[in-house]
Amino acid sequence: MSKYHNRRVHLDGYTFDSAAEARRYQELRLLEAAGEFRDIEVHPRFRVEVMGMDHKAHHICDYVADFRYWDCHGHRFVVEDVKGVRTQAYILKRKLVEALYGWAITEVGA
């Protein structure tokens, strides 16, 4: 159990940090079967790098989202995070990723 009282859930070969995240995965799979979404990716990783004064890229951190998928009706990729607690570290990483990659992260309540 984590400090936020979440229990890890194992489903379809994935380990989810919470039951809420596992439920969202199941919802996304149903929506995929209905043709709403496609190409669901679980735990996609995004590198956060900045260009230093030395003209070299410096790796700051990685952001691991819960899901990325193609919205067939909106014709766009969606990056999604299931959130119960919005930590300061999460908020900072989200802002960095949104600025670097140019899209908004969709938050789904736990």
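Here the structure is a predicted model, which means the values were calculated and not measured.

Time to look at the side chain of Glu21. With respect to the helices and strands, Glu21 occurs in helix α1 (residues 19-33). Of the side chains bearing the opposite charge, Lys83 lies closest to the buried Glu21, which forms no salt bridge; the N-O distance is 7.7 Å. Within the structure, the side chain of Glu21 is placed 3.3 Å from the backbone nitrogen of Asp17, a separation counted as a polar contact. Setting aside residues up to four positions removed in sequence, Glu21 forms contacts with Phe16, His43, Asp66, Phe67 and Val82.

Once that is clear, we can look at the nonpolar core. Judged by nonpolar contacts, Phe16, Ala20, Ala22, Tyr25, Leu28, Phe37, Ile40, Val42, Phe67, Tyr69, Val78 and Val82 together constitute the single largest core of 12 residues. Looking at which element gives the most residues to this core, the answer is α1, with four residues. Core analysis: the second largest hydrophobic core is formed by 10 residues, Phe46, Cys61, Val97 and Ile105 among them.

Our focus in this paragraph is the packing of aromatic side chains. Tallied over the full model, the rule gives 12 aromatic pairs. Ring centres of Phe37 and Tyr69 lie 4.3 Å apart, and the angle between their planes is 45°; on these two criteria the pair is classed as tilted. Placement of the pair is Phe37 in strand β3 (residues 37-42) and Tyr69 in strand β6 (residues 67-71), with a sequence separation of 32 residues. The burial state of Phe37 is the same as that of Tyr69; both residues are buried. When the centroid spacing of 5.3 Å and the interplanar angle of 70° are considered together, the rings of Phe46 and Tyr101 count as edge-to-face. Highlighted residues: Phe46 in strand β4 (residues 45-51) and Tyr101 in helix α2 (residues 88-101), separated in sequence by 55 residues. Looking at Phe46, the relative accessible area reads 3%, which means it is buried. Above the ring of Tyr90, the side-chain terminus of Lys83 is found at 4.2 Å from the ring centroid.

Along the chain, the position of Leu100 falls in helix α2. The spacing of Leu100 and His59 is 41 residues in sequence and 13 Å in space, taken between C-alpha atoms. Apart from residues lying up to four places away in sequence, Leu100 is in contact with Val48 and Glu49.

Procedures and definitions
Residues numbered from 1 in each chain as written. Predicted model: local features only at pLDDT ≥ 70, side-chain atom pairs only at ≥ 80, totals over all residues. Heavy atoms only, no water. Helix = DSSP H or I, 4+ residues; strand = E, 2+ residues; numbered from the N terminus. Buried < 20%, exposed > 50% of the residue type's maximum accessible area, 1.4 Å probe, protein only. Lys, Arg positive; Asp, Glu negative; His and termini not counted. Salt bridge = Lys/Arg side-chain N within 4 Å of Asp/Glu carboxyl O. Polar contact = N/O pair within 3.5 Å; in protein donor to acceptor, adjacent residues only side chain to side chain. Contact = heavy atoms within 4.5 Å. Core = buried A, V, L, I, M, F, W, Y, C linked by side-chain atoms within 4.5 Å. Phe/Tyr/Trp six-rings, centres within 6.5 Å; stacked < 30°, edge-to-face > 60°. Lys NZ or Arg CZ within 6 Å of the ring centre and 35° of its normal.

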